[in-house]
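# Observations on the three-dimensional arrangement
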Amino acid sequence: MRQIFLDTETTGLSPESGDRVIEIGCVEMVNRRLTGNNKHFYLNPERKNSEDAVKIHGLTDKFLSDKPLFAAIADELMDYLAGAEIVIHNAAFDVGFLNEELRRLGRPRFAQHVGRITDSLLMARDMFPGKSNSLDSLCKRLEVDNSNRTLHGALLDAGLLAEVYINMTRGQESLVIDVGSEGSGELAAAPIDFSAFELIVLEPTPEELQAHEAVLAELDKASGQKTLWRQLQSA
């Protein structure tokens, strides 16, 4: 199974208002092993960053001014992502921006280029309801070292997300049977001889029987003598 952990940085929060993607980071994992076959792009957004965005990612207009346009890397990026499961933290945000970048080029929406999109934020909310599930919070909770994350960076965050995802899904490994090349891959349960066990039956005391009958009588009275056990007794 090929998975790509993807993160973006942007000039602001609203692709509908013209904000653009300025950085894309991708980390590849195949069969739960990081391959090192990663992708990283800085992009010229052809517009100014918002001041708030620069405080988050630190990518200035001057730094981005000589970087390629999204159009120049679109083929390489889409070929790399083709057919893979794409794991994104808060996928609606990143996919919304990528959809807008693709729309400008007259291309199909992002989901049509990839095998599947998985939102790790939704996964985390199911696992840890009522708690903060930001990437930083998950790193702390799952003991992933994010001490180098002083600013947001797409490739750094994609790598952290891959580690977080592995830890969130680690329990699933117990469901996988590792068989050798000569194994059939089928799970066989050894038969158990129950004749070796002695079943102990505890009989109720007269007081317990009396208390039980009192409860049944109250239930029978409350139902207007329509309880099923009385009907079966009289049948």
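Quick summary incoming for the structure in this document.

Cut-offs and rules
- Residues numbered from 1 in each chain as written.
- Predicted model: local features only at pLDDT ≥ 70, side-chain atom pairs only at ≥ 80, totals over all residues.
- Heavy atoms only, no water.
- Helix = DSSP H or I, 4+ residues; strand = E, 2+ residues; numbered from the N terminus.
- Buried < 20%, exposed > 50% of the residue type's maximum accessible area, 1.4 Å probe, protein only.
- Contact = heavy atoms within 4.5 Å.
- Areas by Shrake-Rupley, 256 points an atom, 1.4 Å probe, with all protein chains shown as cover.
- Salt bridge = Lys/Arg side-chain N within 4 Å of Asp/Glu carboxyl O.
- Polar contact = N/O pair within 3.5 Å; in protein donor to acceptor, adjacent residues only side chain to side chain.

The next thing to look at is the overall build of the chain. Counting secondary structure elements, the chain contains nine helices and six strands. Taking all 235 residues of the chain together, 36% fall into the buried category. Relative to all contacts within the chain whose residues are 6 or more apart in sequence, the contacts with residues 24 or more apart total 64%. Working note: accessible area of the chain is about 15,000 Å², and carbon and sulfur atoms make up 54% of it.

As a further point, take the pattern of salt bridges. Tallying each qualifying case throughout the model produces 11 salt bridges. D19 is the partner of R47 in a salt bridge, and the nearest nitrogen-oxygen pair spans 3.5 Å. Here the residue R47 occupies a position in the loop between β4 (39-42) and α1 (51-57), and D19 occupies one in the loop between β1 (2-10) and β2 (21-30), the gap between them amounting to 28 residues. We note a salt bridge from R103 to E100, for which the minimum N-O separation is 2.7 Å. In this pair, R103 and E100 are both assigned in helix α4 (residues 91-104), three residues apart and thus about one turn of the helix distant. By relative accessible area, which is 18% here, E100 ends up buried.

Now for the side chain of D19. A relative accessible area of 9% places D19 in the buried class. Among the polar contacts made by the side chain of D19, one reaches the main-chain amide nitrogen of L13 at a distance of 3.2 Å. Polar side-chain contacts of D19 include one of 3.1 Å to the backbone nitrogen of S14. The contact partners of D19, leaving out residues within four places of it in the chain, are T11, G12, L13, S14, R47, F97 and R104.

No statement about biological role is implied by the geometric values presented.
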